[in-house]
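# Structure assessment
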Amino acid sequence: MKRSEIIIVTGAGGVGKTTLSAGLAVDLAEKGLRTLVITVDPARRLADALGIAMLEHNTNRPTRVAAIANLDAVMLDVTASWEAITVRHAKPEVADRLIGNPYFRAVADRFPAAQSYAAGEQVAEFTTSGNWDVVVVDTPPAAGGIDFFMAPRKMTELVGGRLLRWLTGSRVPGRRILYRTTARPMLRLADILLGSALLEELADFLLDVRSLYDGLSARAASIDRMMSRATVLVVTTDSPGPMREAGRFFTTLPEIDVAPSALIFNRALPDKWISARGPQGATDLDEALRHNMDRWSSEARRNRDARTAMAARLEVPMATVPWLRKSPVDVEGLAAMVRQADGLDKLVER
Ligand SMILES: Nc1ncnc2c1ncn2[C@@H]1O[C@H](COP(=O)(O)OP(=O)(O)O)[C@@H](O)[C@H]1O
Ligand SMILES: [Mg+2]
């Protein structure tokens, strides 16, 4: 069974990660590759185009995109992922207890590192299934880009780490003994605040989570390896925030053996706008047009300067995707976006 190629699309919020992931996936599928796009927060219309039901609970089952051959899409469901993770790594009775535990649900649903970890584990699941030639991954926004790559380490550290050992004792004590006999001030305080019943659930939760350690840490290491062999595309626009964030990927990720392979500069303005001048007429409309075009001329210049400065500073391949008047929300629009892009093909050539 052949492993899938993996393309991870990352970058700051709002730069076009979800749109570009979908666009790349459409393009790869059109080239005849069996493709899966994993998305996290598609805009409603894009989700409709990909045929992804926006359900509360969608169980991580990929569905065929009707408008195009070879393409499947799935929207990550973090809660469902955590249930699967638990079943995978815990003894059956522990898994049942964890899934029913309110603390576990709260952590799985709301804790950003838990969301990122679940996304990583789900991606590893899909890429080892052998069902797809290529898997395109849109990274979760809640976690803020880099966290997606850090999550496997953070999770191992959390589950096997000092905090949990400190809370539960160095050896795992008999269940339910913990909260009764422990002298730990933290738990005594919790007993006062929560009452015994809730504290029992908390103790159950902490002990059960600790028992996930072996499975989870082995799995985290394989997610790390998956990320190391992925093609990581960092997306930015000409805004200072996203550009700074993009720079951070290139300095931080190599520290954990992930090498971002290229930069995608999205919403690039046409260079020919820089020198375009409006009409030198006498009417108010002429005047307004000229002001408007002067304004966009300077925007286009700023945009071009940002692109060249960034490419020079980072010394990585860069693709540019033009700013489109209408957001691409269907398969045709996505394909057109990729066709108009410059250098995108080369980044994902295999
Ligand atoms: N090249 C582009 N031209 C015009 N609009 C774009 C372009 N790329 C993305 N958009 C729009 O920008 C918005 C944010 O894109 P999205 O893909 O959701 O970003 P992210 O996933 O990084 O938060 C969406 O409305 C999307 O349609
Ligand atoms: Mg998105």
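See the structure above.
Presented here is an overview of the structure given in this document. Only a predicted model underlies this, so the values are computations on that prediction, with no experimental measurement involved.

This brings us to the overall build of the protein chain. Within the protein chain, the secondary structure is distributed over 16 helices and eight strands. Counting all 350 residues of the protein chain, 41% fall into the buried class. Nonlocal contacts in the protein chain, meaning residues at least 24 apart in sequence, comprise 72% of its contacts between residues at least 6 apart.

Here we come to the site of ligand 1. Close to ligand 1 lie 15 residues; Gly16, Lys17, Thr18, Thr19 and Ser327 are nearest. For the shell around ligand 1, the secondary structure elements donating two or more residues are helix 1 (17-30) and strand 7 (260-268). Sort the elements by how many residues they give to the shell around ligand 1 and helix 1 lands first, with three residues. Residue composition of the shell around ligand 1, grouped by class: six nonpolar, seven polar and two charged.

A few words on unusual backbone geometry. Most peptide bonds are trans, and most residues other than glycine sit at a negative phi. Here Asn70, not a glycine, exhibits a phi torsion of approximately 70°, which is positive. Residue classification places Asn70 among the buried positions, given that 20 C-beta atoms sit within 10 Å. Phi at Asp257 takes a positive value of approximately 65°, unusual for a residue other than glycine.

Close contact between helix 4 (residues 92-100) and helix 11 (residues 196-211) brings their axes to 10 Å; oriented N to C, the two are set at 135°. Our classification of the angle between helix 4 and helix 11 gives oblique. By crossing handedness, the relation of helix 4 to helix 11 is classed as left-handed. Residues Val94, Arg97 and Leu98 of helix 4 pack against Asp204, Asp208 and Ser211 of helix 11. Class assignment of the residues belonging to the contact of helix 4 with helix 11 gives a composition of two nonpolar, one polar and three charged.

Moving on, we get to the sheet that holds strand 7. Ordered by their spatial adjacency, eight strands build an open sheet running 3-4-2-5-1-6-7-8, and the pairing between neighbours is mixed. Edge positions in the open sheet fall to strand 3 (63-64) and strand 8 (318-322), since each of these has one partner strand only. Two strands pair when backbone bridges link them, and strand 7 and strand 8 are joined in this way by four bridges, in the parallel orientation. The residue of strand 8 that forms the bridge with Phe265 is Thr320. Contacts from helix 14 (residues 284-314) reach strand 7 and strand 8 within the one sheet, and its direction differs from that of strand 7 by about 175°.

Under the 1.5 Å per step criterion, the end-to-end length of helix 6 (residues 112-128) is 25 Å for 17 residues, consistent within 8% with the ideal 24 Å. The element helix 6 is largely enclosed, with a buried count of 13 among its 17 residues. Following helix 6 by one or two positions, Gly130 adopts a phi angle in the positive range, close to 80°.

Between its first and last C-alpha, helix 1 extends 20 Å over 14 residues, near the 20 Å set by a 1.5 Å rise per residue. Among the 14 residues of helix 1, 13 are classified as buried, and the element is accordingly described as predominantly covered. After helix 1 finishes, the residue Gly32 shows a positive phi value of roughly 100°.

Ranked by internal contacts, the top residues of the largest apolar core, which has 86 residues, are Ile7, Ala25, Ile38, Val135, Val136 and Val137. Once you skip the residues sitting within four places of it in the chain, Ile7 turns out to touch Leu24, Val134, Val136, Val137, Ala230, Thr231, Leu233 and Val348.

A few words now on the environment of Lys154. With respect to the helices and strands, Lys154 occurs in helix 7 (residues 146-160). A C-alpha to C-alpha distance of 10.0 Å links Lys154 and Ser116, two positions 38 residues apart in sequence.

A large share of strand 5 (residues 134-138) lies buried, amounting to five of its five residues. Sheet analysis places strand 1 (residues 5-11) next to strand 5, joined by five bridges and oriented parallel. Within the sheet, the bridge partner assigned to Val9 lies in strand 5 and is Asp138. Pairing analysis gives four bridges linking strand 2 (residues 35-39) to strand 5, with the strands arranged parallel. Among the inter-strand pairings, Val37 is bridged to a residue of strand 5, identified as Val136.

The next subject is the packing of helix 5 (residues 102-110) against helix 11. Running from N to C, helix 5 and helix 11 point in directions that differ by 60°, and their axes come no closer than 8 Å. Here helix 5 is positioned oblique relative to helix 11, judged by the angle of their axes. Note on element contacts: helix 11 touches helix 5 through Glu201, Leu202 and Phe205, opposite Pro102, Tyr103 and Phe104.

Bringing the environment of Val338 into the picture now. Topologically, Val338 is positioned in helix 15 (residues 331-340). Using a count of 22 C-beta atoms within 10 Å as the deciding quantity, one classes Val338 as buried. Sequence-distant contacts of Val338, that is, excluding residues within four places in its chain, are made with Gly23, Leu24, Val26, Asp27 and Leu344.

Definitions and cut-offs
- Residues numbered from 1 in each chain as written.
- Chains lettered and ligands numbered in written order.
- Predicted model: local features only at pLDDT ≥ 70, side-chain atom pairs only at ≥ 80, totals over all residues.
- Helix = DSSP H or I, 4+ residues; strand = E, 2+ residues; numbered from the N terminus.
- Buried ≥ 20, exposed ≤ 12 C-beta atoms within 10 Å, placed from the backbone.
- Contact = placed C-beta atoms within 7 Å.
- Near = placed C-beta within 6 Å.
- Nonpolar A, V, L, I, M, F, W, Y, C, P; charged D, E, K, R; others polar.
- Axes fitted to C-alpha atoms, helices over the stretch in contact; angles between N-to-C directions.
- Parallel < 35°, antiparallel > 145°, perpendicular 65-115°, else oblique.
- Left-handed = near helix turned anticlockwise from the far one by under 90°.
- Pairing = 2+ DSSP bridges.
- Expected span 1.5 Å × (residues − 1).
- Core = buried A, V, L, I, M, F, W, Y, C linked by C-beta atoms within 7 Å.

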